[in-house]
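# Report on the structure
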Amino acid sequence: MKPFRLLAAFAVTLGVTICLGDLTTAQDAPTKADKKAKNKNKNKLDPAAQAPLRPAVPVKPIVLPSGPKDAAALARIIDAEVDKALAAAKVATSPAATDEEFVRRVYLDVTGVIPTGEQARAFLDSKAEDRREKLIDDLLASPNFGKRLADVWFPKLFPRDSNNRFVLRDPLVKWLTDKFNANTPWNVFVFELVTATGTVEENPAVTYYLANRSVDKLTDGITQHFLGIQLQCAQCHNHPFTDWKQTEYWGMAEFFARVRPDNPKNANKGGDNTKVGVQETAARTKVKDFFPESAKQVAPKFLGGAEVKIAATEPARPILARWMTAPDNPFFAKAMVNRTWAALFGSGFVNPIDDMHDDNPASHPALLDAMARDFGRNGFDVKFLYKSILLSKAYGRTSKPAAGNDKDEALFSHQAVKVMSPEQLFDSLAQATGLSQQVAARQAKNPMAKGQPSGPRDQFVNFFLAGADAFTPTEYEAGIPQALRLMNSRQLAGNPQAVRLYQTNAKDEPRAVLEKMFLATLARRPTPAEVTRLTNYVQGAGTQAEGYGDVLWAILNSSEFTMIR
């Protein structure tokens, strides 16, 4: 194990906070359960907290520009509305992020991995006035955009459940990746998923139904992920905090009542799970455990809308999908806009992002409404939505607070500091240490035939989720075991193969070696003070390789590496 004093010495040298220090803070910080209990008790004791929060003044719709798609125009609307709210609250704005801060953030947010040293150098050395917009276009066109969004959406659609141990994962991951890379319109994407029929081999989207084999799981997931509504409380009784009734829950559930998902089998006993799938029949399904004991049989009914008459010979899910994805659906576009905003800023206009209702108002209701209308009229173009937000000055601000805005968590006066997701951390470590190709080769030799995480990336993600169902970008979920795994990893601690990525010749100047290392990991050049101190350290080490290996290890274990600023 590396001695802690060495870790501390590098932390001082690099001017960063090492993981152990962060984790000590995290250990002392309130847990999610603590915060939930505190809020619950607070609301119980404080009558004012029970009062519904509603805008004091009715929201005046923002007039959208006419004409063809214009991401810059929407970005200007975003900035005008964000700045107006900040001015009204008399909260200062932080300045624009440096190019070093921006390039690392946008790579991680859009592609899920840090830039290579060459990519960081090219951007930082560019003098083009439109270099940020050009970079955004390049990243949205990268295959890693689809991979990143598949990482985000797969856990929502494929719950971590022992019942899913035989369900194939790879077909759904590939389907998600391909759809996002092809920029499939969001309404088409959701329609195809909700109406998926056939076998896994024919239509990988049916995996969603195989991984959620009960009517309540389907109802809960569809409304939560695509409409931004947590309806699950209304399964057993009228919702205690919203207007949703139990009959509305089962009215929505009725659209899935005739779904008949197959039961995947153990592949080791001859089961071919590419041949299983989903059908929709004329009668209510009789699949075991598909309906919970609390199930009610009522007429199908759109959420907050009218009952629907469906002939026995007519499939129900396309009717639901058409209502969900219509441009005038009151929930659909807002839910995706809010999710996308939260992915890029760490929090949404509405939080929690999947609990949108009248008593949980948006921080910027007019802006959310305008962006949702723009999303719908522009064909639910996901990449256009991303570009509009990424071009805004609000996204491009530094994460460093300015005087008076350090407490702001809702008005977007400065960028949030986000934690790398386990997938982002693994891919960035693999790239910085040259392990990417080895990992890909190992994944190819060890496919996930049984639906279980088997490759090193999946094992790493499971370990770093630390028992959480899903990753939260503003919560440091990792603990001591995860920190120790990083600190003692053979790939990170003095790995000669990794060092050779940066020192190709023993006569290489330390300044040049350190610059390569910093650009490839932190997307910045080392400061003169860092060059001096680290050069002295390398020269005092047993060998140059050992010295550079220690420096790389310290960088990869620093909070500057594991955070998105």
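First, a word on what this report is: a plain description of the structure on this page. (Residues numbered from 1 in each chain as written. Predicted model: local features only at pLDDT ≥ 70, side-chain atom pairs only at ≥ 80, totals over all residues. Heavy atoms only, no water.)

We now examine empty space enclosed by the protein. Counted under the stated rule, the structure contains one cavity of 30 Å³ or more. Estimates place the volume of the largest cavity at around 210 Å³. Of all elements in the fold, only helix H2 (19-28), helix H19 (422-432), helix H21 (456-465) and helix H22 (480-488) reach the threshold of two or more residues within the lining of the largest cavity. Considering every element that reaches the lining of the largest cavity, the biggest residue donor is H22, with three residues. Its residues assigned to classes, the lining of the largest cavity shows 14 nonpolar, four polar and two charged. (1 Å grid on protein atoms, 1.4 Å probe; cavity = no way out; pocket = protein on both sides within 12 Å on 5 of 7 lines; lining within 4 Å. Points joined across faces, edges and corners; volume = space filled by probe spheres on them. Helix = DSSP H or I, 4+ residues; strand = E, 2+ residues; numbered from the N terminus. Nonpolar A, V, L, I, M, F, W, Y, C, P; charged D, E, K, R; others polar.)

The next thing to look at is the nonpolar core. Membership of the largest hydrophobic core comes to 107 residues, with the highest contact counts inside it found for Trp186 and Met371. Tallying contributions element by element places helix H16 (residues 332-345) first for this core, with eight residues. Here this core spans two domains, and each of domain 1 (71-144 + 341-349 + 359-412) and domain 2 (163-325) adds at least three residues to it. (Core = buried A, V, L, I, M, F, W, Y, C linked by side-chain atoms within 4.5 Å. Buried < 20%, exposed > 50% of the residue type's maximum accessible area, 1.4 Å probe, protein only. Domains from an automatic or database assignment.)

Before going further, it helps to spend a moment on the packing of aromatic side chains. Scanning the model with the defined rule gives 29 aromatic pairs in all. Here Phe349 and Phe412 contribute two aromatic rings whose centre-to-centre distance is 6.1 Å and whose plane-to-plane angle is 85°, an arrangement assigned as edge-to-face. Placement of the pair is Phe349 in the loop between H16 and helix H17 (365-377) and Phe412 in the loop between helix H18 (382-391) and strand E4 (418-419), with a sequence separation of 63 residues. Phe412 sits in the buried class, given a relative accessible area of 5%. Summarising the aromatic geometry, the rings of Phe460 and Phe464 are spaced 4.2 Å apart at their centres and angled 20° between planes, so their arrangement reads as stacked. Of this pair, Phe460 and Phe464 are both found in helix H21, four residues apart, which corresponds to roughly one turn of the helix. Residue classification places Phe460 among the buried positions, given a relative accessible area of 6%. Here the aromatic cluster, defined as three or more aromatic residues joined through ring pairs, consists of Phe102, Phe123, Trp341, Phe345, Phe349, Tyr395 and Phe412. The lysine or arginine in question, Arg105, covers the ring of Tyr395, its NZ or CZ lying 5.5 Å from the ring centre. (Phe/Tyr/Trp six-rings, centres within 6.5 Å; stacked < 30°, edge-to-face > 60°. Lys NZ or Arg CZ within 6 Å of the ring centre and 35° of its normal.)

Our focus in this paragraph is the sheet that holds strand E3 (residues 277-280). Here three strands make up an open sheet; going across it, the order is E1-E3-E2 and the pairing antiparallel. Whereas interior strands pair on both sides, the edge strands pair on one side only; in this sheet they are strand E1 (198-199) and strand E2 (259-261). As paired strands, E1 and E3 are joined by two bridges and run antiparallel to one another. Within E3, the residue paired with Gly198 across the bridge is Val278. (Pairing = 2+ DSSP bridges.)

It is worth spelling out helix H8 (residues 131-140) at this point. Turning to H8, its buried residues are Leu135, Ile136, Leu139 and Leu140. Mapping the buried residues of H8 onto a view down its axis gives an arc of 130°, with all of them on the same face. Along its buried surface, H8 packs onto helix H6 (99-111), helix H7 (117-125), helix H9 (143-157) and H18. (Arc of directions from axis to C-beta. Contact = heavy atoms within 4.5 Å.)

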